[in-house]
Amino acid sequence: MIATLALAATVAKAPIVVPDQTSNLVVVQAHVARPPMRDGRLLGAWYVIGDTLLKGAEGYSELTLMSYGSQAGIQPSVVTFPDHMRIEFVAPEGGLDLAMELMTAVLKRPRLRDRDVIDAIARFETQKPKPLAAAGYQYQGRYSRLSSPYVKNVYNRAFTPETVQFVFGGKVSKEEANQAMEDWVARWRPDPSTRIPMRESLAPITGVGGEVSVYALRGKPFRLDEPGAVPKLLATYALGVGKGASCFRVLRQKNAWSYQQGAYLWPSIEGFVPVVYMLQSSNRGDGALVAEMRAELLKDIESWDEATFARAVSVASSSEHLAQAPTAFLSSPSSGMGRTVRDRCALQGYLSLTGSGQARLETVLGAMQNVDLDQLQTAAKSMVEDASGTWIPGN
């Protein structure tokens, strides 16, 4: 059975401003949520769009976009997660108009040329996700029936003034950001009649690139502004961030199961998904090792003490203040989030897409002092017990 979704008429989102008057940069980001349909072909189209958006726009070749957009020494970029995307242009101080002109061209008039789309489809058909991100991705796109017209329809459905969340950061004022938004929205007239055929055809990821297997526990998503978020956040750090965390002590030192292990918070539209993982060069694919991994972590949680609690608070707090500190947050599927103005813009844009745009990470981290050991253990135990177990083999 085929269903369709039409574009709902809404108002443009108010811009988010993350000012930093000490910065010599102007950051412009556009955050967009994927149309909410469980469809493998649409997911494939989403990845293709992320791969081809910067291949050129009307009036701008790929070379021109990259040349003009790199004047601050930072190349334009697109970061694609399964259910949302972030496009970024960074300009030198005073370069807001330039950054917005380039962003507007990409959002309103992308080339999405047939040959670029076809080339991207061919690569994605054989490309496997990196091991660390595989448990976060969860599902794979379907490309066998994907076409250039379908990709363009998905683009037209997802990218409109009503669905794009703009974030401005660095040396920019709220007044400048509002004016830039007004000019941008006034000049964009998307086609509201786009329809996308929908089929229930999502398929789980069945393999990763490299000669390792992934064993993971994928928890339930939570938002930073919901009750109980602070203990869950702290539990993620206690379980898998840093060398003193449970994953390092239990999965690596005690059992010698893995050379790489840890935990991260995978950003999804439903909220942060806690992922506890380990990589192993052998392929024990019967699922038994995932069960053993869960049991060992639950046993370790019971032994946590005040020193465990203090270490988790210290590591989590360091991630807010130290640029190179280990962190549970991701700025892309393969890299942790830092504390630059670009990272802060990325976080606030993502939080807005989840409906928790008023949450502030510094406030959440400050509230960790109100959590006690019992709350930490309860949150961690529930997180591990309720998580879905995943084994994804390597090549």
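Residues numbered from 1 in each chain as written. Predicted model: local features only at pLDDT ≥ 70, side-chain atom pairs only at ≥ 80, totals over all residues. Heavy atoms only, no water.

1. A look at the overall build of the protein chain
From N to C terminus, the protein chain includes 14 helices and 15 strands. For the protein chain, the C-alpha radius of gyration of 22 Å lies close to 21 Å, the compact-globule estimate for 395 residues. Principal-axis analysis of the C-alpha atoms gives the protein chain an extent of 60 × 50 × 35 Å. Buried positions account for 55% of the 395 residues belonging to the protein chain. By sequence separation, contacts in the protein chain at least 24 residues apart represent 82% of the contacts at least 6 residues apart. Of the roughly 16900 Å² of accessible surface on the protein chain, a fraction of 50% belongs to carbon and sulfur atoms. With 41 positive and 39 negative side-chain charges, the protein chain shows a spacing of 5 Å between the two charge centroids. (Helix = DSSP H or I, 4+ residues; strand = E, 2+ residues; numbered from the N terminus. Rg over C-alpha atoms; globule rule 2.2 N^0.38 Å. Buried < 20%, exposed > 50% of the residue type's maximum accessible area, 1.4 Å probe, protein only. Contact = heavy atoms within 4.5 Å. Areas by Shrake-Rupley, 256 points an atom, 1.4 Å probe, with all protein chains shown as cover. Lys, Arg positive; Asp, Glu negative; His and termini not counted. Charge placed at Lys NZ, Arg CZ, Asp CG, Glu CD.)

2. Topic: the sheet that holds strand E2 (residues 25–33)
One open sheet accounts for five strands, arranged E1-E8-E2-E6-E5; its pairing is mixed. Because the sheet does not close on itself, it has two edges, and the strands there are strand E1 (16–19) and strand E5 (77–81). Each strand of the sheet is rotated relative to its neighbour by a mean of 15°, with strand direction disregarded. In the sheet, E2 pairs with strand E8 (residues 165–170) via six bridges, with the strands oriented antiparallel. Bridged to Val28 within E8 is Phe168. Running over the sheet, helix H7 (residues 174–186) touches E1 and E8 and is turned about 145° from E8. Taken strand by strand, helix H12 (residues 341–354) contacts E1, E2, strand E6 (84–92) and E8, and its axis lies near 25° from that of E2. (Pairing = 2+ DSSP bridges. Axes fitted to C-alpha atoms, helices over the stretch in contact; angles between N-to-C directions.)

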